[in-house]
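The lines below spell out each chain.
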Amino acid sequence: MSCPVSENRFSKDHQDILPYGLDWQAWLDREGFEGTPSFAWDVPDALRTEMDPFTQVVAGHLVAGVWLRHGESGRSYRVYCTITAGSKVARKSIVVEVT
């Protein structure tokens, strides 16, 4: 199944371990979903941490988040987040440019 992908770009220092998030509220509202969705992250090994992904509500918006570490200076990495809400599935991505 093909899922639409939305892109966001971020820059991070290679020494940083920081959380990154994607706001899913507009998609949930558009789809009319009112339950509790599930999220899955696909993170390249170079950015993977032992910290669990998380969800939080920020200003009334449901945000799925993930902690990313290090990476190789000068490289860009694509990180995917897939949401499952009932029978509907969508995917967004972020691009992390490591400095």
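The structure this text deals with has already been given above.
**Student:** Outline the packing of aromatic side chains, listing residues and values.
**Tutor:** Applying the stated rule across the entire model yields 3 aromatic pairs. Considering the side-chain rings of Trp-24 and Trp-27, the 6.0 Å spacing of their centres and the 85° angle between planes classify their relative orientation as edge-to-face. Comparing Trp-24 with Trp-27 shows no difference in burial state: the two are buried. Between the aromatic rings of Trp-24 and Phe-39, the centroid separation amounts to 6.1 Å while the plane-to-plane angle is 50°, which identifies the pairing as tilted. Here Trp-24 is found in the loop between β2 (17-23) and α1 (25-31), whereas its partner Phe-39 is found in strand β3 (residues 38-42), with 15 residues between them in sequence. Pairwise contacts between aromatic rings join Trp-24, Trp-27 and Phe-39 into one cluster. One Lys or Arg, Arg-91, reaches over the ring of Tyr-80 and ends 4.3 Å from the middle of that ring. Across from the ring centre of Trp-24, 4.6 Å away, lies the NZ or CZ of Lys-92, which sits over that ring.

**Student:** Lay out the sheet that holds β2 with the relevant residues and their values.
**Tutor:** What links the strands of a sheet is backbone hydrogen bonding, and the strands pair in either a parallel or an antiparallel sense. Pairing in this open sheet of 3 strands is antiparallel, and the strands run β2-β5-β4 from one edge to the other. Strand pairing shows two members of the sheet lacking a second neighbour, β2 and β4 (54-58), which therefore form its edges. Strand-to-strand twist across the sheet, computed as the mean angle between neighbouring axes with direction ignored, equals 35°. Two elements, β4 and strand β5 (residues 61-69), share 5 bridges in a ladder whose sense is antiparallel. Along β5, the bridge assignment pairs Thr-55 with Ala-64.

**Student:** Give a detailed account of unusual backbone geometry, specifying residues and quantitative values.
**Tutor:** One non-glycine residue, Ala-59, lies in positive phi territory at about 50°. With respect to the element layout, Ala-59 can be found in the loop between β4 and β5. Take Ala-59: its relative accessible area is 76%, and that puts it in the exposed class. Unlike most non-glycine residues, His-70 shows phi in positive territory, near 30°. Along the chain, the position of His-70 falls in the loop between β5 and β6 (76-85). Assessed through its relative accessible area of 29%, His-70 is described here as partly exposed.

The rules behind the values
Residues numbered from 1 in each chain as written. Predicted model: local features only at pLDDT ≥ 70, side-chain atom pairs only at ≥ 80, totals over all residues. Heavy atoms only, no water. Phe/Tyr/Trp six-rings, centres within 6.5 Å; stacked < 30°, edge-to-face > 60°. Buried < 20%, exposed > 50% of the residue type's maximum accessible area, 1.4 Å probe, protein only. Helix = DSSP H or I, 4+ residues; strand = E, 2+ residues; numbered from the N terminus. Lys NZ or Arg CZ within 6 Å of the ring centre and 35° of its normal. Pairing = 2+ DSSP bridges. Axes fitted to C-alpha atoms, helices over the stretch in contact; angles between N-to-C directions.

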